[in-house]
Amino acid sequence: MKISHDEQDGVAVVRFEGNLDTNTAPEAQEALDDLIGAGTVKVLVDFSDLDYISSAGLRVLLATAKKLRGGGGNLRLCGLNETVAEVFEISGFSTIFAVFPSEAEALEGF
Amino acid sequence: METTFVLEVPNDLRAIERAVDLVVGRCQTCESQARRFRLNFRVALAEALANAMLYGNGSDPHKRVRVDVTVNDAEVSARVTDQGAGFDPDAVEDPTTPENLMRPGGRGLFLMRQLLDEVRFNDRGNSVTLILRLEESASFDEAASA
């Protein structure tokens, strides 16, 4: 999996490419933890190039959201493909995360 | 016509993606449910393999996971068996209830059950069979006779 990030208007935009699964979850968690450790409070994860997410990937998002909210921050998500959106829907994650169609819409008012 | 094959997968999380690719790649005849097979079955099989390696085999690199795949006109099934003591799948709570929604665990099994037509365990709890039905009429007949 490839992970990249940049900053837009005080929001760290993180992009995952490939699969967010048991094998890649530790790497993803480390990247997000590094951002939070560096003082980032607003994180947008862009899934546009993510093929699929497993339960291990969902755990990464849950842990990241808890850490951010504990520090007064927040996590937004965007660009879910059909598979990722279905996993979000059946796991109930679509009700606990702010999910947007695109980066631009997610950044608006963040 | 029925096709069967077996994979012996090393207990290494890095082997999951290749194992899933191999299974999906050898079952190209499942055209009637192509999307569900390509997406749902792939995610569920990856979950089952991860559970087998991490929890069943306790991340022991000397152990292996066996995958028995059967494809026929009616269904594709993959039986994933680890070398552990087994567990009680009924003891896993629903992760979507309000009290469990923010808890980290229990989603792998739940996803498998939601993504596929049937998920069943052996009595010992160290072998899970994932089933995706391929004939549209199968689910209709079952619904009609229920």
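Keep in mind that what you see is a predicted model, and the values were worked out from it rather than measured.

Visitor: Quick rundown of the environment of B:Glu99? Include the residues and the values.
Guide: All names here are of chain B. In this structure, Glu 99 sits in the loop between strand 3 (75-81) and helix 3 (107-115). On the basis of relative accessibility, which here comes to 56%, the residue Glu 99 falls in the exposed class. Along the chain, Glu 99 and Glu 17 lie 82 residues apart, while their C-alpha atoms are 33 Å from each other.

Visitor: I'd like a rundown of the nonpolar core, residues and numbers included.
Guide: Formed by 70 residues in total, the largest nonpolar core has its most connected members in A:Phe47, A:Ile53, A:Phe88, A:Phe97, B:Phe41 and B:Leu130. Among the elements that line this core, the one with the most residues is helix 2 (residues 34-56) of chain B, at 11 residues. Apart from residues lying up to four places away in sequence, A:Phe97 is in contact with A:Leu61, A:Leu62, A:Ala65, A:Leu75, A:Leu77 and A:Phe88. A:Val11, A:Val13, A:Cys78 and A:Leu107 belong to the second-largest nonpolar core, a separate cluster that totals seven residues.

Visitor: Help me get a handle on the layout of surface pockets, residues and values and all.
Guide: In this approach the atoms are scanned with a rolling probe the size of a water molecule, which exposes any empty space left behind. Space inside the largest pocket adds up to approximately 380 Å³. Taken together, 24 residues make up the lining of the largest pocket; nearest its centre are B:Asn51, B:Ala52, B:Tyr55, B:Gly56 and B:Phe87. When residues of the lining of the largest pocket are traced back to their parent elements, those giving at least two are helix 2 (55-70) of chain A together with helix 2, helix 3 and strand 5 (127-133) of chain B. Element by element, the count of residues in the lining of the largest pocket is highest for helix 2 of chain B, at five residues.

Visitor: Pulling in residues and values, what's your account of the sheet that holds strand 5 of chain B?
Guide: Residues and elements named next belong to chain B. The strand order across the open sheet built from five strands is 1-2-3-5-4, with neighbouring strands paired in antiparallel fashion. One side of each edge strand has no neighbouring strand; the edge strands of this open sheet are strand 1 (3-10) and strand 4 (118-121). With strand direction ignored, the average angle separating the axes of adjacent strands in the sheet is 15°. In this structure, strand 1 lies alongside strand 2 (residues 64-71), joined through eight bridges in antiparallel fashion. By the bridge assignment, Leu 7 is partnered in strand 2 with Val 67. On the sheet, helix 1 (residues 16-25) packs against strand 1 and strand 2 and is oriented at approximately 175° with respect to strand 1.

Visitor: Got a sec to walk through a negative patch on the surface? Specific residues and values, please.
Guide: A grouping of A:Glu17, A:Asp49, A:Asp51 and B:Glu17 is seen on the molecular surface, where their side chains present a negatively charged patch. Following the sequence through the fold, A:Asp51 ends up in strand 3 (residues 42-53). A relative accessible area of 48% places A:Asp51 in the partly exposed class.

Conventions adopted
- The numbering scheme is per chain: residues are counted from 1 as the chain's sequence reads.
- Note on labels: chains are lettered from A, ligands numbered from 1, in written order.
- Local features are withheld for residues below a pLDDT of 70 in this predicted model, meaning they are given only at 70 or higher, and side-chain atom pairs are given and counted only at 80 or more; totals for whole chains, interfaces and linings count all residues.
- Hydrogens and water molecules were not included; the side-chain quantities draw on all heavy atoms of the structure.
- Secondary structure counts use DSSP, requiring at least four H or I residues in a row for a helix and at least two E residues in a row for a strand, with both numbered from the N terminus.
- Each residue's exposure class comes from its accessible area (1.4 Å probe, protein chains only) as a fraction of the maximum for that residue type: buried when under 20%, exposed when over 50%, partly exposed otherwise.
- Nine residue types can take part in a nonpolar core, namely buried Ala, Val, Leu, Ile, Met, Phe, Trp, Tyr and Cys, and a core is a set of them joined through side-chain atoms within 4.5 Å.
- The contact definition used throughout considers only heavy atoms, calling two residues in contact when any of these lie within 4.5 Å.
- In this analysis a 1.4 Å probe is tested at points of a 1 Å grid over the protein atoms alone, and where it fits but cannot get out there is a cavity; an open set with protein on both sides within 12 Å along at least five of seven lines is a pocket; lining residues have an atom within 4 Å of a point.
- Grid points are joined across faces, edges and corners, and a volume is the space filled by probe spheres set on the points.
- Think of it this way: DSSP has to see at least two bridges between two strands before they count as a pair.
- Under this scheme, a helix contributes an axis fitted over its contacting stretch, all axes are lines through C-alpha atoms, and angles between N-to-C directions fall in the 0 to 180 degree range.
- Only residues whose relative accessible area exceeds 30% and that take part in no salt bridge are eligible for patches, with like-charged residues grouped when within 9 Å of each other and nonpolar side chains (Val, Leu, Ile, Met, Phe, Trp, Tyr) grouped when within 5 Å.
- Note on areas: these come from Shrake-Rupley sampling with a 1.4 Å probe, and a residue is covered only by the protein chains present in the view.
- Salt bridges are counted wherever a side-chain nitrogen of Lys or Arg sits within 4 Å of a carboxyl oxygen of Asp or Glu.
- Lys and Arg are tallied as positive, Asp and Glu as negative. Neither His nor the chain termini are counted.
- Taken as the charge centre is NZ of Lys, CZ of Arg, CG of Asp or CD of Glu, depending on the residue.

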